[in-house]
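Structural description and commentary
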Number of protein chains: 2
Amino acid sequence: MKAEFALGTVEVAMTPMERFEDYLQSRGKRMTQQRRVIVEQVFSHHEHFDADDLLKELGDGVGEAQNIGRATVYRTLDQLTEAGLLRKMNLEGRSVYEHDYGYPAHDHLHCQRCNKLIEFSSEQFKELCDAVGREHGFRVTGLRLIVQGVCADCLAKQHRPTRPLDLV
Amino acid sequence: MKAEFALGTVEVAMTPMERFEDYLQSRGKRMTQQRRVIVEQVFSHHEHFDADDLLKELGDGVGEAQNIGRATVYRTLDQLTEAGLLRKMNLEGRSVYEHDYGYPAHDHLHCQRCNKLIEFSSEQFKELCDAVGREHGFRVTGLRLIVQGVCADCLAKQHRPTRPLDLV
DNA sequence: CTTTGTGCAAAGCGTTTGCACTATT
DNA sequence: AATAGTGCAAACGCTTTGCACAAAG
């Protein structure tokens with residue numbers, strides 16, 4: 001899954017690895033070889049990914065280290081989310097992750113044709129949500145906004161091979 | 001799943017059943033006994049529901065008619081969505097449905113404690129989304145905004161049995 | 001040496017599909 | 001009669017879990 005990144009980064013004191021180590025230590029959990037490899041892989045590029053993407057990337061060590069099991073990947077992704085390093089969202093039933101630590105709050109435009117996720121800053125949305133929440137005596141803890149549509153690239157192409165369901 | 005409904009209704013010319021019949025006819029599909037029963041059940045109350053809720057409600061005929069199969073329920077929900085009678089959204093992996101026909105556009109506050117969905121009118125959100133879309137050359141076709149948080153009722157209770165993960 | 005983590009394979013969960021049978025048109 | 005729809009059960013895709021073995025503290 002590709003993505004466009006229009007947003008900068010946020011200054012942080014620790015590397016993701018260090019922060020994860022802190023998190024683990026504070027909970028009496030252990031830093032393992034597998035977790036190290038996963039953190040390195042996850043933060044080696046800034047793309048949206050799901051468990052399977054990561055599993056494939058990890059398998060691409062081609063003969064290097066031993067393979068990391070599917071269960072370990074799922075368990076570690078949960079922990080990275082818990083630790084505030086990753087943000088998890090739900091796209092058509094699958095869990096999709098992105099960097100949270102050191103990255104500003106944002107939401108997404110989702111292209112229904114090419115499946116691309118485009119990020120945009122959501123300050124105004126946050127304010128609107130807070131206002132709506134206040135009206136309802138609701139304490140807003142987070143929002144997950146995914147705007148569906150068709151991206152500029154796909155609109156430009158417009159091959160329309162017999163136009164599947166356009167204007168219907 | 002309970003819901004609060006602060007919004008009114010929209011005047012429509014046909015009943016949901018009539019509209020569904022039109023939809024089916026226009027596609028060479030047939031109106032069956034099962035579809036009739038499902039439409040009646042679905043539009044007999046205005047609540048958010050998933051396939052399993054509906055399946056249970058249909059089973060509650062207690063000895064009356066024959067049971068309607070799981071597959072038929074899923075297939076009919078798809079068609080009702082296609083026909084514009086239902087709106088489908090994704091809540092934590094499951095598909096959740098609500099009336100679309102004869103009901104104004106809105107979005108939801110989702111209480112993470114009691115799982116309630118509270119509706120709110122989203123005109124301003126729509127405008128913001130369109131603006132954001134324009135900035136990115138993106139044609140917005142729809143938005144699905146679910147604001148997470150804690151509802152007024154749950155905030156009022158605040159039993160906090162040893163406070164699970166508050167302020168952590 | 002104790003306890004947490006791992007990998008595997010099996011189970012789980014919501015949803016979809018293949019197929020023989022039934023009902024609508 | 002012709003064809004679309006149904007119910008069942010099996011398959012599906014993603015995720016979680018149980019368990020014996022490995023490794024971190």
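In what follows, the structure referred to is the one given above.
Notes on the structure follow. (Residues numbered from 1 in each chain as written. Chains lettered and ligands numbered in written order. Predicted model: local features only at pLDDT ≥ 70, side-chain atom pairs only at ≥ 80, totals over all residues. Heavy atoms only, no water.)

1. Some thoughts on the overall build of chain A
In terms of helices and strands, chain A carries 6 helices and 7 strands. Secondary structure elements of chain A occur, N-terminal to C-terminal, as β-α-α-β-α-α-β-β-β-β-α-β-α. Here chain A, with 168 residues, has 38% of them falling under the buried criterion. In chain A, the proportion of contacts linking residues at least 24 apart, taken out of those at least 6 apart, comes to 56%. (Helix = DSSP H or I, 4+ residues; strand = E, 2+ residues; numbered from the N terminus. Buried < 20%, exposed > 50% of the residue type's maximum accessible area, 1.4 Å probe, protein only. Contact = heavy atoms within 4.5 Å.)

2. A closer look at the pattern of salt bridges
Residues and elements named next belong to chain B. The final tally for this structure, using the stated rule, is 16 salt bridges over all chains. Here Arg-27 ties to Glu-82 by a salt bridge, and the two come within 3.6 Å at their closest N and O atoms. With Arg-27 in the loop between helix H1 (16–26) and helix H2 (33–42) and Glu-82 in helix H4 (residues 70–82), this pair connects stretches of sequence that are 55 residues apart. Of the charged contacts in the structure, one is a salt bridge between Asp-52 and Arg-70, with a shortest N-O distance of 3.1 Å. Of this pair, Asp-52 sits in helix H3 (residues 51–59) while Arg-70 sits in helix H4, and the two are 18 residues apart along the sequence. On the basis of relative accessible area, Arg-70 is assigned to the partly exposed category, the value being 48%. (Salt bridge = Lys/Arg side-chain N within 4 Å of Asp/Glu carboxyl O.)

3. Digging into helix H2 (residues 33–42) of chain A
Residues and elements named next belong to chain A. Taken together, the buried positions of H2 are occupied by Arg-35, Ile-38, Val-39 and Val-42. One face of H2 carries all of its buried residues, which in axial projection span an arc of 100°. Elements that come into contact with the buried residues of H2 comprise helix H1 (16–26), strand E2 (49–50), helix H3 (51–59), helix H4 (70–82), strand E3 (86–91) and strand E4 (94–99). (Arc of directions from axis to C-beta.)

4. Looking at the protein's contact with DNA strand C
DNA strand C sits among 21 residues. The nearest are A:Arg30, A:Gln34, A:Thr72, B:Arg30 and B:Tyr74. Of all DNA strand C atoms lying within 4 Å of any protein atom, the proportion belonging to sugar or phosphate reaches 65%. In this structure, a base oxygen belonging to DNA strand C sits 2.7 Å away from a side-chain N or O atom of A:Arg30. At a separation of 2.9 Å, a phosphate oxygen of DNA strand C approaches a polar backbone atom of A:Gly69. Every element with two or more residues in the surface near DNA strand C is listed here: H2 and H4 of chain A together with H4 and strand E4 (94–99) of chain B. Taken together, the residues of the surface near DNA strand C break down into 6 nonpolar, 7 polar and 8 charged. (Near = heavy atom within 4 Å. Polar contact = N/O pair within 3.5 Å; in protein donor to acceptor, adjacent residues only side chain to side chain. Nonpolar A, V, L, I, M, F, W, Y, C, P; charged D, E, K, R; others polar.)

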